[in-house]
Amino acid sequence: MPVAHAERKLPVKQLSAGIYVIQAEVAASDADREQGLMLRTKMGINEGMVFDFGAPAGVCMWMKNTLIPLSVAFIDGEGKIVNIEDMQPETTDSHCAKKTVRYALEMNQGWFKQKNIKPGSKIEGLPLR
């Protein structure tokens, strides 16, 4: 059975937050960042998507056509989490970084809280250019 466009997986990079390993799909192009996790129906426990903006930017995320509840960590160029926001499925509310960031990491909602990962925590393994 052919895989629907929405279920197309992007290249995966292994990241870590303390002792926790994350299998993160990397959305580095405009098209991949725009598609994000839209229309996905599930995501594994330690799976996520990292959005690489290529340079520090003012970033906001929303959940249009996104079916699963997510938490997003906005991350600076050094890999440090700036802020974390919970996002509800199929909403167009903007969730923004509190300062310019290089990355955003989307995980299943509550993942960061369950692992006690907070602003100031470091994400290792990001594609630093």
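The structure this text deals with has already been given above.
I will try to describe carefully the structure that is included in this document. These figures come from a predicted structure and were not determined experimentally.

How each quantity is defined
Residues numbered from 1 in each chain as written. Predicted model: local features only at pLDDT ≥ 70, side-chain atom pairs only at ≥ 80, totals over all residues. Heavy atoms only, no water. Helix = DSSP H or I, 4+ residues; strand = E, 2+ residues; numbered from the N terminus. Disulfide = S-S within 2.5 Å. Buried < 20%, exposed > 50% of the residue type's maximum accessible area, 1.4 Å probe, protein only. Pairing = 2+ DSSP bridges. Phe/Tyr/Trp six-rings, centres within 6.5 Å; stacked < 30°, edge-to-face > 60°. Lys NZ or Arg CZ within 6 Å of the ring centre and 35° of its normal.

Observations concerning the environment of Thr 41
Relative to the assigned elements, Thr 41 resides in the loop between helix 1 (30–35) and strand 3 (47–57). C-alpha separation for the pair Thr 41 and Cys 60, spaced 19 residues apart in sequence, amounts to 22 Å.

Brief notes about the state of the cysteines
Within the structure shown, the criterion is met by 1 disulfide. The disulfide partner of Cys 60 is Cys 96, and the gap between their sulfur atoms is 1.9 Å. Around the S-S axis, the bridge from Cys 60 to Cys 96 shows a dihedral of about 105° and counts as right-handed. A residue pair is termed long-range when its members are at least 10 positions apart, and Cys 60 in strand 4 (residues 60–61) and Cys 96 in strand 7 (residues 95–96) qualify at 36 residues.

Let's talk about the pairing of strand 8 (residues 101–108)
Within a regular beta strand, the side chains point alternately toward one face of the sheet and then the other, so they alternate between its two faces. The buried count for strand 8 comes to 8 of 8 residues, which makes it a mostly enclosed element. Summarising the sheet, strand 3 and strand 8 pair through 6 bridges and their orientation is antiparallel. The residue of strand 8 that forms the bridge with Val 50 is Leu 105. Strand direction decides the pairing type here: strand 5 (residues 70–75) and strand 8, joined by 6 bridges, are antiparallel.

Describing the packing of aromatic side chains
Per the counting criterion, the structure on display carries 2 aromatic pairs. Ring plane angle 75° and centroid distance 6.2 Å describe the contact between Tyr 20 and Trp 111, whose orientation is recorded as edge-to-face. Highlighted residues: Tyr 20 in strand 2 (residues 20–27) and Trp 111 in helix 2 (residues 111–114), separated in sequence by 91 residues. Using a relative accessible area of 28% as the deciding quantity, one classes Tyr 20 as partly exposed. The class for Trp 111 is buried, based on a relative accessible area of 2%. Where Trp 111 meets Phe 112, the ring centres are 5.3 Å apart and the plane angle is 90°; that geometry is what we call edge-to-face. Summarising the burial analysis for this pair, Trp 111 and Phe 112 share the class buried. Each member of the aromatic cluster is reached from another via a ring pair, and the members are Tyr 20, Trp 111 and Phe 112. A cation over an aromatic ring shows up here: Lys 115 above the ring of Tyr 20, its NZ or CZ 5.4 Å from the ring centre.

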